[in-house]
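# Per-entry structural report
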Amino acid sequence: MTQTIAPRVRTVVLLLLAAACALLAGAAPASAHAAVTGSDPAQGAVVDKAPARISLTFSEQVAMSGDSLRVLDPEGKRVDAGEPSNVSGTTYAVRLHSGLPDGTYTVAYQVVSADSHPVAGAYTFSIGAPSKTSVTVSDQATDDGVVGWLYGFGRYVSYAGFIVMAGGAAFVLACWPRGSGVRPVQRFVASGWLTLTAATLALLLLRGSFTGSGKVADIFDLSLLGQVLQTKTGAALVSRLLLLAAAALFIAVLFGAYDKREDPQEKRDLTFGLAIGGVVVAAGLAASWAMSEHASVGLQAGIAMPVDVVHLLAVAAWLGGLGALLVALYRAPADAPVDASAVRRFSRVAFGSVLALIATGTYQSWRQLGSWSAFTDTRYGQLLLAKIALVAVLVGVAWISRRWTGRLAETVPASAEREKARVGAGAETSVDAEPEVTGDDRTDTDSVAGTDPDSGEQPDSRPAHAGEQPDSGPADTERAAQLARQRAARDAALQKRLRDADPNRFGLRRSVLAEAGVAVVLLAVTTVLTQTEPGRTEQDAKAATSSSASTSPDTGASGALTLNMPFDTGGENGKGIVTVDLDPARVGGNEMHVYVERPDGQAFDIPEVKVDFTLKAKGIGPLPVVPDHIATGHWSANGVQIPMAGDWKVDVTVRTSDIDEVTVSKNAQIG
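Quantities reported herein were computed from a predicted structural model and do not represent experimental measurements.

Looking at the secondary structure, you find aspartate 73 in the loop between strand E5 (69-72) and strand E6 (80-88). In this structure aspartate 73 is buried but unpaired, with lysine 77 as the nearest side chain of opposite charge at 5.9 Å. A polar atom in the side chain of aspartate 73 sits 2.9 Å from the backbone nitrogen of glutamate 75.

Overall, antiparallel pairing links the five strands, which are arranged E10-E11-E12-E16-E15 in an open sheet. Where the open sheet ends on each side, the last strands, each with one partner, are strand E10 (561-568) and strand E15 (628-631). Neighbour-to-neighbour, the strand axes of this sheet turn through a mean angle of 25°, independent of strand direction. Inspection of the sheet shows strand E12 (residues 588-597) paired to strand E16 (residues 634-642) by seven bridges, in the antiparallel sense. Paired with glycine 589 across the two strands is glutamine 641, which belongs to E16.

Quick look at helix H9 (residues 340-369) now. Over its 30 residues, H9 runs 42 Å from end to end, which matches the ideal 44 Å to within 8%, given 1.5 Å per residue. Glycine 370 lies just past H9 and shows a positive phi near 85°.

Among soluble globular proteins, nonpolar side chains are generally buried collectively. Formed by 67 residues in total, the largest nonpolar core has its most connected members in Phe162, Trp176 and Leu254. Of all the secondary-structure elements, those providing two or more residues to this core are helix H2 (146-174), helix H3 (183-211), helix H5 (232-254), helix H7 (264-290), helix H8 (301-331), H9, helix H11 (379-428) and helix H14 (503-530). The biggest single contributor to this core is H8, with 15 residues. The residues touching phenylalanine 162, leaving out its near neighbours within four places in the chain, are Gly167, Leu196, Ala282, Leu285, Ala286, Trp289, Leu312, Leu313 and Ala316. Core analysis: the second largest hydrophobic core is formed by 30 residues, Val596, Trp635, Val654 and Ile670 among them.

All right, on to a nonpolar patch on the surface then. On the surface, a nonpolar cluster with roughly 340 Å² of combined accessible area is contributed by Val146, Trp149, Leu150 and Val216. Residue leucine 150 is classed as partly exposed on the basis of its relative accessible area, which comes to 32%.

You can see aspartate 568 is positioned in strand E10. Despite its burial, aspartate 568 remains without a salt bridge, the nearest opposite charge being carried by lysine 575 at 4.5 Å. A polar atom in the side chain of aspartate 568 sits 2.9 Å from the backbone nitrogen of glycine 570. Ignoring any residue separated from it by four or fewer positions in sequence, one finds aspartate 568 in contact with Ser59, Thr90, Gly574, Lys575 and Val662.

Axis separation between H5 and H7 bottoms out at 9 Å; the angle between their running directions is 160°. On the basis of the axis angle, H5 is roughly antiparallel to H7. Regarding H5 and H7, the two cross each other, and that crossing is left-handed. Packed against H5, whose contacting residues are Ala236, Arg240, Leu243, Leu244, Ala246, Ala247, Phe250, Val253 and Leu254, the element H7 presents Leu270, Leu274, Gly278, Val281, Gly284, Leu285, Ser288 and Trp289 at the interface. When the residues that make up the contact of H5 with H7 are grouped by side-chain class, the tally is 13 nonpolar, three polar and one charged.

Taken together, four strands build an open sheet; the order of strands is E1-E3-E7-E6 and the sheet is antiparallel. A single partner strand is all that each edge strand has here, and the edge strands are strand E1 (36-40) and E6. On average, adjacent strands in this sheet sit at an angle of 20° to one another, irrespective of strand direction. Relative to strand E7 (residues 91-96), strand E3 (residues 53-58) is paired through five bridges, and the arrangement is antiparallel. Note that in E7 the partner of serine 55 across the bridge is alanine 93.

With an omega dihedral of -5°, the bond running from aspartate 40 to proline 41 counts as a cis peptide bond. As for its position among the elements, proline 41 is in the loop between E1 and strand E2 (46-47). The linkage connecting aspartate 583 with the following residue, proline 584, adopts the cis geometry, with an omega of 10°. In this fold, proline 584 is placed in the loop between strand E11 (575-583) and E12. The phi dihedral of alanine 585 is positive, around 60°, even though this residue is not glycine. Its location among the elements puts alanine 585 in the loop between E11 and E12.

The rules we used
- Per chain, the residues get numbers from 1 upward, laid out in the order the sequence is written.
- Local features in this predicted model are restricted to residues of pLDDT 70 or higher, and side-chain atom pairs are both shown and tallied only at a pLDDT of 80 or more, whereas totals for entire chains, interfaces and linings draw on every residue.
- Values reported for side chains reflect all heavy atoms of the structure, with hydrogen atoms and water molecules removed beforehand.
- Secondary structure elements are taken from DSSP: a helix is a run of H or I of four residues or more, a strand is a run of E of two residues or more, and numbering for both begins at the N terminus.
- Each residue is placed in one exposure class: buried if its accessible area under a 1.4 Å probe, protein chains only, is under 20% of its type's maximum, exposed if it is over 50%, and partly exposed if it falls in between.
- Positive charges come from Lys and Arg alone, negative charges from Asp and Glu alone, with His and the N- and C-terminal ends not counted.
- Only one rule defines a salt bridge in this text: a Lys or Arg side-chain nitrogen within 4 Å of an Asp or Glu carboxyl oxygen.
- The definition of a polar contact used here is a pair of N or O atoms within 3.5 Å, where within protein one atom must be able to donate a hydrogen and the other to accept one, and adjacent residues in sequence count solely through side-chain atom pairs.
- For two strands to be treated as a pair, DSSP must find at least two bridges joining them.
- The convention used is that axes are lines fitted to C-alpha atoms, helices contributing only their stretch in contact, and that angles between N-to-C directions extend from 0 to 180 degrees.
- One less than the residue count of a helix, multiplied by 1.5 Å, gives the span that helix is expected to have.
- Residues grouped as a nonpolar core are buried Ala, Val, Leu, Ile, Met, Phe, Trp, Tyr and Cys residues, joined through side-chain atoms within 4.5 Å.
- Contacts are assigned to residue pairs with any non-hydrogen atoms lying within 4.5 Å of each other.
- Each patch is built from residues lacking any salt bridge and having more than 30% relative accessible area; the joining distance is 9 Å for like charges and 5 Å for nonpolar side chains (Val, Leu, Ile, Met, Phe, Trp, Tyr).
- All accessible-area figures derive from a Shrake-Rupley calculation using a 1.4 Å probe, and residue coverage is judged against the displayed protein chains alone.
- For classification purposes, an angle smaller than 35 degrees is called roughly parallel, one larger than 145 roughly antiparallel, one from 65 to 115 roughly perpendicular, and anything else oblique.
- The handedness criterion is simple: a crossing whose near helix is rotated anticlockwise from the far helix by less than a right angle is left-handed, and one whose near helix is rotated clockwise is right-handed.
- Basically, the charged four are Asp, Glu, Lys and Arg, the nonpolar ten are Ala, Val, Leu, Ile, Met, Phe, Trp, Tyr, Cys and Pro, and anything else, Gly included, counts as polar.

Pasting the structure below:
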């Protein structure tokens, strides 16, 4: 039976891994987690006068290099001057050369978001009137290609390595201490450590090209590696490597000194010490993800990071322990099988992990989605629904495993008695009465029968001559040892046969194998999810784009001017869009209305709004205006005096709390 099962297990695992790789390879390019929520000039805008600079506003802070913002004229020549700078909050600008001629200009940007993902894109605006342009910007982002695929696969492998290492060690320490001496389990945990270490080193090398050119040739560029080490993500990867050194020491003690301890009190003390040290190291490794990805930016980052650590630890305890249990069920030796009590203990650990996953996952979903509609309207929400469905399937299969565990626990005493009786009978009977065995066990039983498995010769069975004394030399001692080994091999074969024949153990094996298969796919979906733009960010960007399109600067027949400016004060409820309406936008008295909305378009009140008008060309201003609060999210001021025509800078100061405020600006032609 075992000979037919093993190939099936290998086949199923390989198919599941192939499906996971196909899921990763077939996924859309990793969406950037910082989205452009505004620009000046706006997308497609036609301005009368060449602007002194262009600016972009993102949904979160980003990292920029000297070439992060490029402005190209209709012929494809760069017209930006100097390096980009952070103007305020999440708004970044680059100066332009003076005297730019009329035509269509292309703004290309390539930055790295605060949660470590690259952001790339382009848009156009025109001076005077639109024109033909020879500029073509590739639609392929730096994370879409060979390097991007390798980086995504490296992330998947690093998650898998952490889960195998941390979860496997936790299974041994908390559920099956006897497993510390089982070689297949040792190899399973050690392979997790090796996998995570190799993946971390690969990610360090790939990082520079992944966030830069995307070229394979740049993977081994040491100058890029030096730049990576100075970033938040680079520091997190280096910290992970240092913690892996501590993890190696933990694994060495767990499978070395811990396994050799025989005194119960010493073993209890060492178990407590290993548990504390293991939790600290595992939490540190989990924090290397939490401090550099989704949880480190956005809403309630101080709460989100420890929640993310708990989430990763719960995943490792459940899925990694599941993998260790699968190895123990299929590969543990006959004289040290995983018992029902160990499976029951793991079942309790898994149940606690599921509760932790539900609690932390609910919080993460609220934080990353922000609304029920984001479940179906955003790619992040759709992937999250797929993940929830897989978790539900996994819990269902785990419930089946739990039932098999209960049946196994009920039959263990009876099976033990039968096994003991059969082994005893086998020791007393002759070779002819031995049970039939197959496969590798045949070698052992052939040896018991006295056949040399290599030569096929029968041993010397001649009767001793009368008066001869048995030879008590080294040959007899060696033969006695050989017979003892043969009897031990025969007994082990009997035990293994009886164990594998148990239908309850066979059912548990199949259900645990099914759990592991679902877990492989679940991990792939989770990896893609971490590379996808959060639903909240995607919806905010869509709302800002829609609002910008509907309220872009307009000097139509009415002469009214509308300025739309996204803002982010950095505090709670600090993101939104402030809109300034000036009518008739002429020299003399004007009526001004200020509207403050959330990114989803809902009006909301803030403590203070101030507006300043400055005409730098003439040295006029700033001219302050403090509008009166009229209604929710609406302020107004009458008789706003504009003394002369020109390119006025409009500064709007938004205060969302006692300490959180930001000033956003736009230039407007008034008069």
